[in-house]
Amino acid sequence: MNYVKVCALSELEENTPKRVELDGTPVSIVSTEGEVFAINDICSHANVSLSEGEVDDCMIECWLHGSAFDLRTGKPSGLPATRPVPVYPVKIEGDDVLVSLTQES
């Protein structure tokens, strides 16, 4: 897998998504519950940025219609979204957060 540095771990605030772009792909980086996750930043229901939503209980909620996606799997918890969004592998090396666009799911 090809990992790319997206930010410093020290830049991330707990439960506050950070939007980055990797090779033109919008990705939301989230630090929560002692882990760092990378999920595609575009809601599968309404084509809006998930990084503008709230994070709670390892879920990121789309601000527009309220669909929530599991940060571990990308699966929606309920309507209106029915399709998952891609999640990506994350590695931490020192203070560097590295992400690979190779999808985990």
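Within any chain, residue numbers begin from 1 and follow the written order of that chain's sequence. At least 70 in pLDDT is required for a residue's local features to be given in this predicted model, at least 80 for side-chain atom pairs to be given and counted, and no such filter applies to totals for whole chains, interfaces and linings, which use all residues. The basis for the side-chain values is all heavy atoms of the structure; hydrogens and waters are excluded.

As annotated in an unreviewed UniProt entry, the protein carries the name Bifunctional 3-phenylpropionate/cinnamic acid dioxygenase ferredoxin subunit and comes from Streptomyces caledonius.

Across the sheet, three strands lie side by side as β5-β6-β7; this open sheet has antiparallel pairing. Among the strands making up the open sheet, the edge pair consists of β5 (55-56) and β7 (68-70). Here a strand pair is declared whenever DSSP counts at least two bridges between the two strands. A run of DSSP states H or I qualifies as a helix once it reaches four residues; a run of E qualifies as a strand once it reaches two. Both are numbered from the N-terminal end. The pairing of β5 with strand β6 (residues 59-61) spans two bridges and is classified as antiparallel. Bridging from a neighbouring strand, V55 pairs with I60 of β6.

Right, let's get into the pairing of strand β9 (residues 90-93). Direction of pairing for β9 relative to strand β10 (residues 96-100): antiparallel, over a ladder of four bridges. Looking at the pairing, E93 lines up with D96 of β10. Where β9 folds back onto β10 in an antiparallel hairpin, the turn is made up of two residues, including G94, whose phi is positive at roughly 65°.

Now for the pattern of salt bridges. Within this document, salt bridges are pairs made up of a side-chain nitrogen of Lys or Arg and a carboxyl oxygen of Asp or Glu, the two lying within 4 Å of each other. In the structure shown here, the tally under the stated rule is six salt bridges. Among the salt bridges present, the one from K18 reaches E11, with a minimum N-O distance of 3.4 Å. Three exposure classes are used, based on accessible area relative to the maximum for each residue type with a 1.4 Å probe and protein chains only: buried under 20%, partly exposed in between, and exposed over 50%. Overall, the relative accessible area of 27% leaves K18 in the partly exposed class. Given a relative accessible area of 46%, E11 falls into the partly exposed group. Note that D70 is salt-bridged to R72, the shortest N-O span being 3.1 Å. With a relative accessible area of 14%, D70 lands in the buried category. Overall, the relative accessible area of 44% leaves R72 in the partly exposed class. Ionic contacts of the salt-bridge type, sharing partners, join the residues R19, E21 and D41 into one network.

Attention shifts here to the packing of aromatic side chains. Pairing of aromatic rings covers Phe, Tyr and Trp, the last through its six-membered ring, and needs centres within 6.5 Å; plane angles under 30 degrees mean stacked, over 60 mean edge-to-face, and all others mean tilted. Following the criterion strictly, the structure yields zero aromatic pairs and no others. One residue, K91, lies across the ring of Y3, its end atom 4.4 Å from the ring centre. As a reminder, the over-ring test applies to NZ of lysine and CZ of arginine, requiring each to be within 6 Å of the ring centre and within 35 degrees of the ring normal.

What follows deals with the sheet that holds strand β1 (residues 3-8). On the basis of which strands lie adjacent, the open sheet formed by three strands has the order β1-β10-β9 and antiparallel pairing. Of all strands in the sheet, those bounded by a partner on one side alone are β1 and β9. Strand-to-strand twist of the sheet, defined as the mean angle between neighbouring strand axes without regard to direction, takes the value 30°. In this analysis, axes come from line fits to C-alpha atoms, helices being fitted only over the stretch in contact, and the angle between any two N-to-C directions falls in the range 0 to 180 degrees.

For the rest of this paragraph, the subject is the environment of A81. Considering the arrangement of structural elements, one finds A81 in the loop between β7 and β8 (87-88). On the accessibility criterion, A81 (4% relative accessible area) is buried. Expressed as a C-alpha distance, the spacing of A81 and C43, which sit 38 residues apart in the sequence, is 8.0 Å.

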